[in-house]
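Report on the structure
Chain by chain, the residues:
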Amino acid sequence: MIPFNNLRPIHEAYANEIREAVERVLHSGWFILGPEVEAFEHNLATYLGANAAVGVANGTDAIELALRAAGIGQGDEVVTVSHTAVATAAAIERAGGTVRFADIDPVTYCISPAAAEAAITPRTKAIVAVHLYGHPADMTALVRICERHGLVLVEDCAQALGARWQGQPVGTFGHLAAFSFYPTKNLGACGDAGAVVTNDTSLAERVRRLRCYGQARRDEHVERGINSRLDEIQAAILSVKMQHLTVEAENRRALVGHYREHLSGVTLPTEHPDAEHAYHLYVIRHPRRDELRRHLDECGIGTLIHYPIPIHRQPAFTDLGYEAGSLPVTEAAAKEIVSLPLYWGLSESDIRRIAEAVALLEAKVPLG
Ligand SMILES: *Cc1c(COP(=O)(O)O)cnc(C)c1O
């Protein structure tokens, strides 16, 4: 069996360091928003070359708080993609915004800048660009569009820590950026965690208030906020795991190289010439995707689909009014994509086995 994901090998490799970090926090008797959170915020900001990082409870809250800090609220339209985790749209709505979907680029699976610009109305206040699968969206075009229309640009970096656009880390292009440290992400906590990153210190200050009931200082609440605090144990674990990020990124790229070498008969993910892909997910494309998945499952290979039903076609979001066929590139991708295993502990021989299983499908039922 090759499962789709397995978080055990990486955590066994760091078990001693993690245990030490957890014990340090237990011994300190300080559990929420303390020195470990501050140290992790500093580590993250330094890694990205950003002015500030603010630890929050999860990635969804990070998007919501980034939008709220930038002044997005009731009735403001926010343009984003339907081809993303449902969290992106949920967070926009939690901030009070109205979600407007733009179609994606068929090659990078990220927001099409032309479609984003076409979706702008007089009520549009922001664009949330998702660096999906770890591939950066076209930040050159998106920064220009936001400047031209006076919009706030928020980056959803939940899948893209470590990705770069023209050599610059994603998360430093927009006014604010949101990160998730859900356990399966490229930097994963042992629980939920997230962060907002920004170069603007006053926006950072506002996120700090919003994550703690809108509190400017003790017992003084200058605006309505929420409880979205990061805890000391997760922050301490994240600081441990950050030290290994570069080595893990190299491992991901090596595995991707093995896929490129061995896989055939499917559309492989590509890397735009201006992009450095963080390879959170390895997503291939095949016209008989469901058959391929069934076949791989029979071969003992786990796969997932990110995402089989675009948000605009989810039952919960039908009231947004997007008919089937309204986002054709998104809908076509959703029918053909499949994510293959990509994680620490996977070997070249595992990947060769996966590639052989993929090739076997073609042998079983020759195409067209
Ligand atoms: C994981 C994810 C989120 C949400 O992060 P959580 O920490 O699960 O709240 C948002 N956007 C994208 C693209 C994600 O992959």
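**Section: the site of the ligand**
Around the ligand, a shell composed of 15 residues is seen, among which Gly59, Thr60, Asp156, Ser180 and Lys185 lie nearest. Measuring from an oxygen atom of the ligand, one finds a backbone N or O atom of Gly59 at 2.8 Å. The contact in question runs from a nitrogen atom of the ligand to an N or O atom on the side chain of Asp156, over 2.8 Å. If the ligand stood free it would expose 380 Å²; the protein chains cover 90% of that surface. Of all the secondary structure elements, the ones that give two or more residues to the shell around the ligand are helix 4 (59–69) and helix 5 (86–94). Take the shell around the ligand: its biggest share by element is 3 residues, from helix 4. In terms of residue class, the shell around the ligand is built from 6 nonpolar, 7 polar and 2 charged.

**A short note on the sheet that holds strand 6 (residues 164–165)**
In space, the 3 strands of this open sheet follow the order 7-6-12, with antiparallel pairing throughout. At either margin of the open sheet sits one strand with a lone partner, and together these are strand 7 (168–169) and strand 12 (275–276). Here 2 bridges tie strand 6 to strand 12, and the two strands are oriented antiparallel to one another. Each bridged residue has a counterpart across the sheet, and for Arg164 the counterpart in strand 12 is Glu276.

**Focus: the side chain of Arg211**
Relative to the assigned elements, Arg211 resides in the loop between helix 8 (201–210) and strand 10 (215–217). Residue classification places Arg211 among the buried positions, given a relative accessible area of 8%. Only 3.0 Å separates the side chain of Arg211 from the side chain of Glu41, close enough to count as a polar contact. Side-chain polar atoms of Arg211 contact the backbone oxygen of Gly55, separated by 2.8 Å. Apart from residues lying up to four places away in sequence, Arg211 is in contact with Leu33, Val37, Glu41, Val54, Gly55, Val56, Leu65, Ile226, Asn227, Ser228 and Arg229.

Definitions and limits used
Residues numbered from 1 in each chain as written. Predicted model: local features only at pLDDT ≥ 70, side-chain atom pairs only at ≥ 80, totals over all residues. Heavy atoms only, no water. Near = heavy atom within 4 Å. Polar contact = N/O pair within 3.5 Å; in protein donor to acceptor, adjacent residues only side chain to side chain. Areas by Shrake-Rupley, 256 points an atom, 1.4 Å probe, with all protein chains shown as cover. Helix = DSSP H or I, 4+ residues; strand = E, 2+ residues; numbered from the N terminus. Nonpolar A, V, L, I, M, F, W, Y, C, P; charged D, E, K, R; others polar. Pairing = 2+ DSSP bridges. Buried < 20%, exposed > 50% of the residue type's maximum accessible area, 1.4 Å probe, protein only. Contact = heavy atoms within 4.5 Å.

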